[in-house]
Amino acid sequence: MKLFNPFYFSAIAILAVSVATAQEKSTFVAKKSELTEIQKQRWSHLDLKKDSIPGMSVDKVYSELLKNKKATKIIVGVIDSGLDIDHEDLKGKIWTNSKEIPGNNIDDDKNGFVDDVHGWNFLGEATNENLELTRIVKKGDDGSEIYKAAKAELEKKLAELAPQKKQVDMISKANKEIQVYLKKDKYTIEEVKSIVTTEASLLRSKMIMTNIASQAGEGFQEEINSYVDYVYDQLNYNLNVEFNGRKVGDNPEDMKNTHYGNGNVKGPDVKDALHGTHVAGIIAQDRGNGIGGDGVVANNVTIMAVRAVPNGDEYDKDIALAIRYAVDNGAKVINGSFGKDYSPHKEWVWDAIKYAASKDVLIVHAAGNDSKDVDAEPNFPTDEANGKEISDNLITIGALNNKFGKEIVADFSNYGAKNVDVFAPGVEIYATVPNNEYKFEQGTSMASPNAAGVAALIRSYYPQLNASQVKHILMDSGTPISETVVVDETKKEIPFSNACVSGKIVNAYNALQMAELLSKKIKVKKLKN
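About the cut-offs
Residues numbered from 1 in each chain as written. Predicted model: local features only at pLDDT ≥ 70, side-chain atom pairs only at ≥ 80, totals over all residues. Heavy atoms only, no water. 1 Å grid on protein atoms, 1.4 Å probe; cavity = no way out; pocket = protein on both sides within 12 Å on 5 of 7 lines; lining within 4 Å. Points joined across faces, edges and corners; volume = space filled by probe spheres on them. Helix = DSSP H or I, 4+ residues; strand = E, 2+ residues; numbered from the N terminus. Buried < 20%, exposed > 50% of the residue type's maximum accessible area, 1.4 Å probe, protein only. Polar contact = N/O pair within 3.5 Å; in protein donor to acceptor, adjacent residues only side chain to side chain. Salt bridge = Lys/Arg side-chain N within 4 Å of Asp/Glu carboxyl O. Phe/Tyr/Trp six-rings, centres within 6.5 Å; stacked < 30°, edge-to-face > 60°. Lys NZ or Arg CZ within 6 Å of the ring centre and 35° of its normal.

1. What to know about empty space enclosed by the protein
A water-sized probe, rolled over the atoms, reveals where empty space remains. Going through the model one piece at a time under the given rule, you end up with 7 cavities of 30 Å³ or more. The space that makes up the second largest cavity amounts to roughly 70 Å³. Lining the second largest cavity we find Lys-40, Gln-41, Arg-42, Trp-43, Ser-44, His-45, Ile-282, Gln-285, Asp-294, Ile-429, Tyr-430 and Asn-450. Of all the secondary structure elements, the ones that give two or more residues to the lining of the second largest cavity are helix H1 (37–42) and strand E12 (429–433). Considering each element in turn, the lining of the second largest cavity owes the most residues, 3 residues, to H1.

Structure, rendered in structure tokens:
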């Protein structure tokens with residue numbers, strides 16, 4: 001799982017623009033003032049026309065389209081870092097394998113996975129891992145261009161981290177000195193400013209922490225901890241050729257052994273399941289219960305947890321088997337908020353994607369957070385082999401900002417006129433994290449479950465529609481964006497129509513309307529036949 005640098009600050013503002021909706025061209029006066037706290041927590045569910053905020057119109061779906069409408073149960077597989085299945089806002093939303101007796105250490109349903117009550121953990125006790133480029137370098141020079149590219153990138157990343165480590169160490173030292181002086185671990189910017197001293201080191205620490213706290217705001221210490229973890233995780237695990245994180249006893253280069261890991265979908269430490277718990281919450285956390293945020297799918301959804309994404313790059317073998325596990329156990333939508341630059345066994349994942357297609361399962365995948373054109377530099381897994389699409393059941397999602405106009409594409413989001421299909425909200429998304437807590441997170445990892453939630457809504461209310469049809473409904477029914485937008489690390493400007501295949505952003509209201517029309521057409525066709 002590739003994460004972008006968490007030391008990221010953004011002001012929330014929305015500009016006035018004209019947009020074309022999926023059904024008509026309209027001029028919207030978008031919100032100029034800052035979002036309220038409630039709007040921040042729910043902006044991805046709001047409606048551009050009604051609320052002047054570029055959400056997915058989810059609230060409008062519930063208020064206008066779904067009243068008294070019957071739905072079928074839908075299982076969404078979340079392939080991720082793990083899941084806090086005991087979270088208060090996910091009660092009743094966790095998939096349970098009714099054929100398995102918990103804790104008896106017997107494979108009751110004879111599917112090869114012992115005690116897979118709520119899913120499966122292909123990582124076992126492992127949490128940290130190398131990046132794939134590090135694993136390629138560890139294998140040694142085979143003379144290939146891939147090895148040369150991986151080695152050059154590894155050396156570049158390590159060189160870039162050297163000054164960041166110095167900065168992190170300086171910040172950590174300053175933070176510790178302030179904590180010792182104030183005799184408390186958590187402190188406010190006001191407390192830092194109130195320090196009066198002539199001691200040179202403490203004065204320097206005061207200056208450093210005042211500057212950081214002023215930039216980062218109230219949660220500055222959390223930002224610091226995230227930044228420290230980011231840098232040291234890269235140095236100690238992700239880019240360290242001496243580190244081996246594999247703990248399940250299999251050979252990740254061999255597909256013969258397919259049953260390894262355990263049934264503990266939380267992982268060894270539930271705190272490390274933050275990413276997966278947040279993703280699950282975006283899809284399925286309770287709506288309107290007064291706690292946390294709201295999920296896209298209110299009812300009739302359960303989350304199947306499949307732990308296969310470490311702090312580092314996922315193994316192709318784990319992802320291929322995770323997809324197959326979710327498919328074989330009834331998932332109709334699978335969310336994949338992960339990705340990497342190198343994929344030594346991409347054919348294993350392609351086979352799993354095609355297997356999912358044969359079972360009518362839609363896979364929703366995050367486009368990645370490298371601010372790059374994935375048409376030129378792929379973000380794996382892809383559904384393209386030798387320039388051709390291998391199946392029509394994978395949809396790739398870019399991240400949408402809560403700003404309109406040129407900045408509508410999140411500045412970290414990958415893009416691609418051929419290999420990113422549509423965009424969905426991915427900046428400052430509020431959802432569940434472990435131990436009954438809630439947090440704003442951002443990334444295409446958050447955009448993907450927003451889109452997956454809409455896909456699950458469609459499949460729940462219109463189960464006769466197949467995976468390919470749902471994919472194209474998400475793309476075709478979206479709100480078209482005619483703006484020129486800023487993308488890439490170079491901050492170049494391109495038409496939004498060149499940022500993704502559809503040139504649109506996900507609109508749940510339009511999607512459900514299109515699903516209704518298509519379902520009626522299918523019904524009429526069946527009656528005629």
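2. Some remarks on helix H13 (residues 467–476)
Taken residue by residue, H13 has Ala-467, Val-470, Lys-471, Ile-473, Leu-474 and Met-475 as its buried positions. The N-cap of H13, judged by a side-chain oxygen 3.2 Å from the amide nitrogen of Ser-468 a few residues on, is Asn-466.

3. Regarding the pattern of salt bridges
In total, this model carries 30 salt bridges according to the counting rule given. Taking the shortest distance from any N to any O, the salt bridge between Lys-69 and Glu-516 comes out at 3.1 Å. Taken together, the positions of Lys-69 in the loop between helix H3 (58–64) and strand E3 (74–80) and Glu-516 in helix H14 (residues 508–528) put the pair 447 residues apart, joining distant regions of the chain. Residue classification places Lys-69 among the partly exposed positions, given a relative accessible area of 30%. Across the pair Asp-250 and Lys-317 runs a salt bridge, and its minimum N-O distance is 2.9 Å. Taken together, the residues span a long stretch of sequence, with Asp-250 in the loop between helix H8 (220–238) and helix H9 (274–284) and Lys-317 in helix H10 (residues 316–328) at a distance of 67 residues. A single network of salt bridges, built from pairs that share partners, joins Glu-129, Glu-132, Arg-135, Asp-316 and Lys-340.

4. Considerations on the packing of aromatic side chains
Under the criterion given, the structure shown has 9 aromatic pairs. Judged by centre distance (4.8 Å) and plane angle (45°), the ring pair of Tyr-430 and Phe-440 falls under tilted. Of this pair, Tyr-430 sits in strand E12 while Phe-440 sits in strand E13 (residues 437–441), and the two are 10 residues apart along the sequence. A relative accessible area of 28% means that Phe-440 is categorised as partly exposed. Here the aromatic cluster, defined as three or more aromatic residues joined through ring pairs, consists of Phe-113, Trp-120, Phe-122, Tyr-260 and Tyr-325. Against the face of Tyr-315 rests Arg-246, its NZ or CZ located 4.5 Å from the ring centre.

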